[in-house]
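# Structure at a glance
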There are 2 protein chains.
Amino acid sequence: MIDRKIKKELQKSIGKDRVFSDQEYLLAYSYDATGIQHWPDIVVLPEDEGDVQRILEIAYRYKVPVTPRGAGVGLSGGSVPLEKGVLICFSRMNKILHIDRESFTAVVEPGVVTFDLQTACEEMGLFYPPDPASLKTSTIGGNVAENAGGLRCFKYGVTGGYVLALEGFLVDGTKIKAGSPCVKDVAGYDVKSLLIGSEGTLAVISKIYLKLIPLPEARVLCRVDFASLPEGALFINEMINSGIQPAVLEFMDRSSIVASYKYMGLSVEDAPEAIVLIEIDGNGIDVTARKEKFLELVGRKSISDFQVAETNAEKELLWSLRRNISPAISKIKPKKINEDIVVPTGKIPEAVDYIKGLGRRLNLEIVLFGHFGDGNIHTNVLVDPDDPAEMKRAEEALDLIFKYVVSVNGSITGEHGVGITKRAFLPYQFNEAEIGIFRNIKKAFDPFNLLNPGKIF
Amino acid sequence: MIDRKIKKELQKSIGKDRVFSDQEYLLAYSYDATGIQHWPDIVVLPEDEGDVQRILEIAYRYKVPVTPRGAGVGLSGGSVPLEKGVLICFSRMNKILHIDRESFTAVVEPGVVTFDLQTACEEMGLFYPPDPASLKTSTIGGNVAENAGGLRCFKYGVTGGYVLALEGFLVDGTKIKAGSPCVKDVAGYDVKSLLIGSEGTLAVISKIYLKLIPLPEARVLCRVDFASLPEGALFINEMINSGIQPAVLEFMDRSSIVASYKYMGLSVEDAPEAIVLIEIDGNGIDVTARKEKFLELVGRKSISDFQVAETNAEKELLWSLRRNISPAISKIKPKKINEDIVVPTGKIPEAVDYIKGLGRRLNLEIVLFGHFGDGNIHTNVLVDPDDPAEMKRAEEALDLIFKYVVSVNGSITGEHGVGITKRAFLPYQFNEAEIGIFRNIKKAFDPFNLLNPGKIF
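Another point: the pairing of strand 9 (residues 175-179) of chain B. Residue and element names in this part refer to chain B. Where strand 8 (residues 163-169) meets strand 9, five bridges bridge the pair, whose relative direction is antiparallel. Along strand 9, the bridge assignment pairs Leu-166 with Ala-178. Linkage of strand 8 to strand 9, two consecutive antiparallel strands, is achieved through a turn of five residues, within which Gly-173 is found at a positive phi near 95 degrees.

Structural data, given as structure tokens:
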């Protein structure tokens, strides 16, 4: 009953064409890329900040949950409306409001697709580096909410590093701003950083101020093949310590390579045991110097093959090889359990060895690939949900992997967020007092637990 | 009376040689570089984490204020024990616990002097860039508490950017850790960033994990003289947008130059109207390329003089010129009111013009210098406290300057912190709701308002 009253108020306040409770809408906004599904009561598609404020004011008056959402392509259930209520989808607030060549800044609405911003920047000779794998669908708002990573983080860092300021609303509709367009600003607590990666649980963001950098003049993409997994993993560490500082330092194990090869119709006969992808970028002269240094390093190594992508077609082929891993391994078994653990970079070879050993011991196919330059190991356990014994072994493996990661001072999640799927593992990484602080912070912003309830802890 | 009981308990718990209430101790720990003075009741000099925990447990039991302090060279009263109680000084917790060449990390106690860490790093070919002007006395703990800046921030960013993780204690002595040694970590809220720059009001830090980078191979220091102030200010923006990306981009106006010249015994006859100091660093080939680009840029400008420091003596002379401004201008008038406002870099010429105009209109000597590359303008109003009319005009000027700064989306403080001195101006930059969030966060960590009470808001 209350839903009908809220819906009526919302429709009156922000317009009928922006408020929906038809079954097909509720269904469409009920899940993310994890497949976890919970239906909201009402879906609202605000078109400006005023809409967002009015939605929050009304929802707050009725004390119903509010879940903000971007494109719904998250990997931890972060935007799934677990406790029903009002779902705010930012798909219509997708305007790039301003790109300033002089001050190297952009101002965007949360619903802007990451790739669209990158394209607009590049046309002006500017660069917005964060590039989560989902960049062609995911939104800047979602990227900020999860503090998304991507391939270029090794050199350029994660989304949060490019957020200058955030504008938005507290749960009751009060307007706030956090951060400033200035490089230096130590007035008050760093609420901006607290909001970044808070998965929509502390405030609803309606405007994002971003830092841009000059577009690199040159880019070189290389591929190095290894005849054994440990050699590939060790090479990552050599690259990290070499001072070459590539933008991208990606790893693929044999399972990922074979899956991606097959997916692309390539012969798997001579697929290597590991591939490391490296992109070096910067100004022309510097890239040349670093490429020389890199070739020298590679020349000293026992590698099985090596390629510098010369043409655009060659580059595209290498990127496809990397990008296709995810869809390709989804075809091997009915389900992949997709984790994004992080270990300190010095521990990468040991972690790879540990996880692969675990797979052998528990008879599980575990595929490893991803942003090894950041110590960020995409760990995919391939399972059949209809095989309860295998599911149990997978559960055991994940439990051990999370325990291992925490034991070496790593993190249970490097870029996907905790959301719903990693809630149970949060106490592996944080003690009671630390989770107590999270709860107190949540209460400080949202005393009635209405903003995206049930997430993180 | 309660002080004596607490003192006795502290002495019993952590040792008589670490707990003091003699007048000379209380005096010595009662002020910082602002000269603001408030005596603590008890001074404690912990020697390890266990001491810190026991101090907090005891103080919490008696519900007395606790103020953590590094070297006491802050510029906003941040470490002055405004509401008395226990002062914890970290001078004896000054050990560099570990520097790791492989993982580019350091682990230090909070009392380590910034310069000592830099020296130790450089001996190993590593680089810890943050360099607040006070680096030879200020401590890493103090730098983290204030999120200190420095000269090299234009390229390298502020202290917070180098903090990987913090260990410390909540007000009741509960041990916590925030952050991780990993590049990527999105588990839970970003409590680490919240603690950085929180001026000792949320927790007491006892161990700091820092990120290091490779030591730049080469450095070039240059000086450019201008015949007018606006030309100098405009040059800063050209440098910012040039892509040359120097490490240091410092500005000095004529008042600073004349004061520093006199201080160093140089003839002021041909002192320019403005000087811009530029340091370009990086690997050899890249520095050469960027130096060429810089010389080309300078060659096209109408400048009055130009120098590339070739010898160490020449470099030292240039650095002294910059470093001596602060002591030199202190000699012009009995008091300098020292502010560290920030404006978006595009607004630097306008801001310089506005502030200088204000000085003329209100008949005040206002000296401008500092980290203009970051938009960070050290604004010094020189006054005689015994001249009430001048003091009143200075107050008016500062009020107008803070209002101006906020009107252009700047910050009232770029690196000194709010502390006591800028509390009154906090509402210029933040609305009631935003300060409300600060208060709620404070309550979430410190419900009885015992940690460094009276600071920030």
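There is more to say, and it comes next.
In the contact formed by helix 16 (residues 432-445) of chain A and helix 16 (residues 432-445) of chain B, the axes pass within 9 Å of each other and the chain directions differ by 150 degrees. Looking at the two axes, helix 16 of chain A sits roughly antiparallel to helix 16 of chain B. In terms of crossing hand, the pair formed by helix 16 of chain A and helix 16 of chain B is right-handed. For the pair helix 16 of chain A and helix 16 of chain B, contact is made by Ile-437, Asn-440, Ile-441, Ala-444 and Phe-445 of chain A and by Ile-437, Asn-440, Ile-441, Ala-444 and Phe-445 of chain B, respectively. Its residues placed into classes, the contact of helix 16 of chain A with helix 16 of chain B shows eight nonpolar, two polar and no charged.

Turning our eyes to something else, we now look at helix 16 of chain B. Taking 1.5 Å as the rise per residue, helix 16 of chain B with 14 residues should run 20 Å; its terminal C-alpha atoms sit 20 Å apart, in good agreement. Along helix 16 of chain B, the residues that are buried comprise Ala-433, Glu-434, Ile-435, Ile-437, Phe-438, Ile-441, Lys-442, Ala-444 and Phe-445 of chain B. In this structure, the buried side of helix 16 of chain B is in contact with strand 9 (175-179), helix 7 (191-195) and helix 16 of chain A together with helix 7 (191-195) and helix 15 (426-429) of chain B. You can read the cap of helix 16 of chain B off the contacts: a side-chain oxygen lies 3.0 Å from the backbone nitrogen of Ala-433 of chain B, and it is on Asn-431 of chain B.

Next up on the list: the packing of helix 8 (residues 229-241) of chain B against helix 10 (residues 284-299) of chain B. All names here are of chain B. Put simply, helix 8 and helix 10 touch, their axes get as near as 12 Å, and they point 145 degrees apart. By crossing handedness, the relation of helix 8 to helix 10 is classed as right-handed. Of helix 10, the residues touching helix 8 (which contributes Phe-235, Glu-238 and Met-239) are Phe-294, Leu-297 and Val-298. Residue classes in the contact of helix 8 with helix 10 are distributed as five nonpolar, no polar and one charged.

Residue and element names in this part refer to chain A. Read from one edge of the open sheet, seven strands run 15-12-14-13-17-18-16, paired in antiparallel fashion. On the outer flanks of this sheet lie strand 15 (305-309) and strand 16 (335-342), each paired with one strand and no other. The average angle at which neighbouring strand axes cross in this sheet is 20 degrees, direction not considered. When strand 12 (residues 218-226) meets strand 14 (residues 274-282), the two strands line up antiparallel, connected through nine bridges. By the bridge assignment for strand 14, Phe-226 is matched with Ala-274. Along the sheet face, helix 8 (residues 229-241) touches strand 12, strand 13 (248-253) and strand 14 and points at about 170 degrees away from the line of strand 13. Across the sheet, helix 14 (residues 388-407) is in contact with strand 16 and strand 18 (376-383); its angle to strand 16 comes to roughly 5 degrees.

With an axial shift of 0.0 Å and an RMSD of 0.0 Å, the rotation relating chain B to chain A amounts to 180 degrees. As the rotation angle and translation indicate, the two copies are arranged about a two-fold axis. Looking at the interface residues of chain B, 99% of them are also at the interface in chain A, so both copies use one shared face.

Further remarks concern the sheet that holds strand 2 (residues 42-44) of chain A. Residue and element names in this part refer to chain A. Taken in spatial order, the four strands of this open sheet run 1-2-4-3, and their pairing is mixed. The open sheet is flanked by strand 1 (19-20) and strand 3 (66-69), the only strands paired with a single partner. Here strand 3 pairs with strand 4 (residues 86-89) via four bridges, running parallel. Its bridge partner lying in strand 4, Arg-69 is registered against Cys-89. Each of strand 1, strand 2 and strand 4 is contacted by helix 1 (residues 2-14), which is oriented at about 15 degrees to strand 2, the strand it contacts most. On the sheet, helix 3 (residues 49-62) packs against strand 2, strand 3 and strand 4 and is oriented at approximately 170 degrees with respect to strand 4.

Looking now at the interface of chain B and chain A. Taken together, the contact between chain B and chain A spans 68 residues of the former and 67 residues of the latter. In terms of surface lost to chain A, no three residues of chain B exceed Lys-184, Val-186 and Tyr-189 of chain B, which account for 20% of the buried area on that side. If you look at where chain B meets chain A, you find four salt bridges. Residue Asp-374 of chain B is joined to Lys-184 of chain A by a salt bridge in which the shortest nitrogen-to-oxygen separation is 3.0 Å. The interface formed by chain B and chain A holds 20 residue pairs in polar contact (both at pLDDT 80 or more) in total. Looking at the side of chain B that touches chain A, the elements with two or more residues in it are strand 9, helix 7, helix 10, helix 15 and helix 16 of chain B. Looking at the side of chain B that touches chain A residue by residue, the classes come out as 31 nonpolar, 24 polar and 13 charged.

Here Phe-251 of chain A shows up in strand 13. Setting aside residues up to four positions removed in sequence, Phe-251 of chain A forms contacts with Leu-229, Gly-232, Ala-233, Ile-236, Ala-274, Ile-275, Val-276, Leu-368, Phe-369, Gly-370 and Phe-372 of chain A.

Now for the pattern of salt bridges. Should their charged atoms come close, side chains of opposite charge can pair. Evaluated as defined, the whole model comprises 58 salt bridges over all chains. Asp-281 of chain B is paired through a salt bridge with Lys-155 of chain B; the nearest N and O atoms lie 2.7 Å apart. Taken together, the residues Asp-281 of chain B in strand 14 (residues 274-282) and Lys-155 of chain B in helix 6 (residues 153-156) connect sequence positions 126 residues apart. Its relative accessible area of 23% is what places Lys-155 of chain B among the partly exposed residues. Within the structure, one salt-bridge network assembled from shared partners comprises Asp-17, Arg-18, Glu-47, Asp-51, Arg-54 and Arg-92 of chain A.

Residue and element names in this part refer to chain B. One non-glycine residue, Lys-84, lies in positive phi territory at about 60 degrees. Tracing the chain through its elements places Lys-84 in the loop between strand 3 (66-69) and strand 4 (86-89). Look at Lys-84 and you get partly exposed, because its relative accessible area is 39%. For Asn-452, which is not a glycine, the phi torsion comes out positive at approximately 45 degrees. With respect to the helices and strands, the residue Asn-452 is situated in the segment after helix 16. Since its relative accessible area comes to 1%, Asn-452 is described here as buried.

Scoring rules and cut-offs
Residues numbered from 1 in each chain as written. Chains lettered and ligands numbered in written order. Predicted model: local features only at pLDDT ≥ 70, side-chain atom pairs only at ≥ 80, totals over all residues. Heavy atoms only, no water. Pairing = 2+ DSSP bridges. Helix = DSSP H or I, 4+ residues; strand = E, 2+ residues; numbered from the N terminus. Axes fitted to C-alpha atoms, helices over the stretch in contact; angles between N-to-C directions. Parallel < 35°, antiparallel > 145°, perpendicular 65-115°, else oblique. Left-handed = near helix turned anticlockwise from the far one by under 90°. Contact = heavy atoms within 4.5 Å. Nonpolar A, V, L, I, M, F, W, Y, C, P; charged D, E, K, R; others polar. Expected span 1.5 Å × (residues − 1). Buried < 20%, exposed > 50% of the residue type's maximum accessible area, 1.4 Å probe, protein only. Polar contact = N/O pair within 3.5 Å; in protein donor to acceptor, adjacent residues only side chain to side chain. Least-squares fit on C-alpha atoms with pLDDT ≥ 70 in both. Buried area = accessible area lost by both parts, 1.4 Å probe. Salt bridge = Lys/Arg side-chain N within 4 Å of Asp/Glu carboxyl O.

Keep in mind that these numbers describe shape and distance, not what the molecule does.
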